[in-house]
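Read off the chains here:
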Amino acid sequence: MKKQAQPLHKKSENSPEDMALEMEREVNGIIEEAVVALQKGDPTLALEKAKLAQKKERLLNKFREEKNHTEQNVDLTFAVTFTLGKVYHANLMFTEALDTYTAIVKNKNYQNAGRIRVNMGNIYFEQKKYNYAIKNYRMALDQIMPASHNEMRNKILKNIGIAFLKLGQYSDAAQNFEQIVDNANNCVQTA
C-alpha cells in the first residue's frame, strides 16, 4: 500500500527584509524595461516605465521607514533617478532632465555624481546655451582624475572646444583642442 504524501505547508510570511528585497528586484526590472524601451526607440514607453520605477522605489523607501529599517539602497535610488533623467532628455523634456540631474549632483551620497555634469552640458549644448554647457563640462572635468580617465577628459575637452567654436571664441577653442592633442599623443582627429 502506498503512503500518501504529506500536505504542503503554507509558506510563512516573508520577513520585512525579504519583502524589501523583492520590491528592489521589481524596481530593477522596471528600470531595465525603461532602458530597453529607450534602446528600441520608444521614449514614451521608457518615460512611463521610469516614472513607475520612481513610484515603486518611493514605496520601497516608505515601506522600509514603516518597518524601522532605515537603510536605504542608495545605488537603487541613483539608478532610478539617473534613468529618469536620461528618459526625460530622450523625450526632449530638458527642464525636467536638468532638475533630475541637479538633484543627483547635489546629493552627497552619490560618489562620482559630478560626471552627470556632462549630461547636463549636453542638454545645454542641444539648447544652444553654450556658456552653460561649457560651465557644466568644466565642472565635470574637475571631478575626473587626470591619470585614470584621460580618454573621458579628452572627450569633455573636445565638447568644450566645440562649444567655444559655436560661440565664435576661436582662441579658446584652439586652446582646448591643443590640450587634447598634447594629452592624446598628437590625436589626428582633434588636430
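Enquirer: How should I be thinking about the nonpolar core in this particular structure?
Expert: Nonpolar side chains in soluble globular proteins generally cluster together in the buried interior. Formed by 36 residues in total, the largest nonpolar core has its most connected members in Y101, I104, I123, Y137, I156 and I160. Contributions of two or more residues to this core are made by α1 (16–39), α2 (43–66), α3 (74–90), α4 (94–106), α5 (116–126), α6 (130–143), α7 (150–167) and α8 (170–183). In this structure, I160 is in contact with I134, Y137, R138, L141 and N176, ignoring residues within four places of it in sequence. The next biggest cluster of nonpolar side chains, apart from the first, holds 9 residues, and it includes I30, I31, L60 and L76.

Enquirer: Is there a simple way to explain the packing of aromatic side chains in this structure?
Expert: The relation between two aromatic rings is expressed through the spacing of the ring centres and the mutual angle of the planes. Using the criterion set out here, one finds 5 aromatic pairs in the structure. A centroid spacing of 5.2 Å and a plane angle of 65 degrees characterise the contact between F78 and Y110, whose relative ring orientation is edge-to-face. Of the two residues, F78 is situated in helix α3 and Y110 in the loop between α4 and α5; the sequence distance between them amounts to 32 residues. Using a relative accessible area of 25% as the deciding quantity, one classes F78 as partly exposed. Since its relative accessible area comes to 11%, Y110 is described here as buried. An aromatic cluster is built from F78, F82, Y101 and Y110, whose rings are joined through pairwise contacts.

Enquirer: Explain unusual backbone geometry here, please?
Expert: Trans peptide bonds make up the majority, and among non-glycine residues the majority have a negative phi. Phi at L92 is positive, roughly 60 degrees, even though this residue is not glycine. Locating L92 in the fold gives a position in the loop between α3 and α4.

Enquirer: Got a minute to help me understand the pattern of salt bridges in this structure?
Expert: Between side chains of opposite charge, pairing is possible as soon as their charged atoms come close. Counted according to the given criterion, the structure contains 6 salt bridges. The salt bridge partner of R25 is E22, with a shortest N-O separation of 3.2 Å. Here the residue R25 and the residue E22 both occupy positions in helix α1, the gap between them amounting to 3 residues, near one helical turn. Residues E24 and R64 are paired through a salt bridge, measuring 2.7 Å at the closest nitrogen-oxygen approach. With a gap of 40 residues between them, E24 in helix α1 and R64 in helix α2 connect regions that are remote in the sequence.

Enquirer: Sorry, what's going on with α5 here?
Expert: Each turn of an α-helix holds 3.6 residues, which means side chains three or four residues apart point in the same direction. α5 sits mainly inside the fold: 8 of its 11 residues count as buried. Buried within α5 are the following residues: I116, R117, V118, N119, M120, G121, I123 and Y124. Taken together, the buried residues of α5 touch α3, α4, α6 and α7. At the C-terminal side of α5, K128 shows a positive phi close to 65 degrees.

Enquirer: What exactly am I supposed to notice about the packing of α3 against α4 here?
Expert: Packed helices, taken two at a time, are described by the angle between their axes plus the distance between the axes. Following both chains from N to C, one finds α3 and α4 inclined at 155 degrees, their axes separated by 7 Å at the closest point. In terms of orientation, α3 and α4 fall into the roughly antiparallel class. Viewed along their axes, α3 and α4 form a crossing whose handedness is left-handed. Of the residues in α4, those touching α3 at F78, T81, F82, L84, G85, K86, Y88 and H89 are F94, E96, A97, T100, Y101 and I104. Of the residues belonging to the contact of α3 with α4, the class tally is 8 nonpolar, 4 polar and 2 charged.

Reading the values: the criteria
- Residues numbered from 1 in each chain as written.
- Predicted model: local features only at pLDDT ≥ 70, side-chain atom pairs only at ≥ 80, totals over all residues.
- Heavy atoms only, no water.
- Core = buried A, V, L, I, M, F, W, Y, C linked by side-chain atoms within 4.5 Å.
- Buried < 20%, exposed > 50% of the residue type's maximum accessible area, 1.4 Å probe, protein only.
- Helix = DSSP H or I, 4+ residues; strand = E, 2+ residues; numbered from the N terminus.
- Contact = heavy atoms within 4.5 Å.
- Phe/Tyr/Trp six-rings, centres within 6.5 Å; stacked < 30°, edge-to-face > 60°.
- Salt bridge = Lys/Arg side-chain N within 4 Å of Asp/Glu carboxyl O.
- Axes fitted to C-alpha atoms, helices over the stretch in contact; angles between N-to-C directions.
- Parallel < 35°, antiparallel > 145°, perpendicular 65-115°, else oblique.
- Left-handed = near helix turned anticlockwise from the far one by under 90°.
- Nonpolar A, V, L, I, M, F, W, Y, C, P; charged D, E, K, R; others polar.

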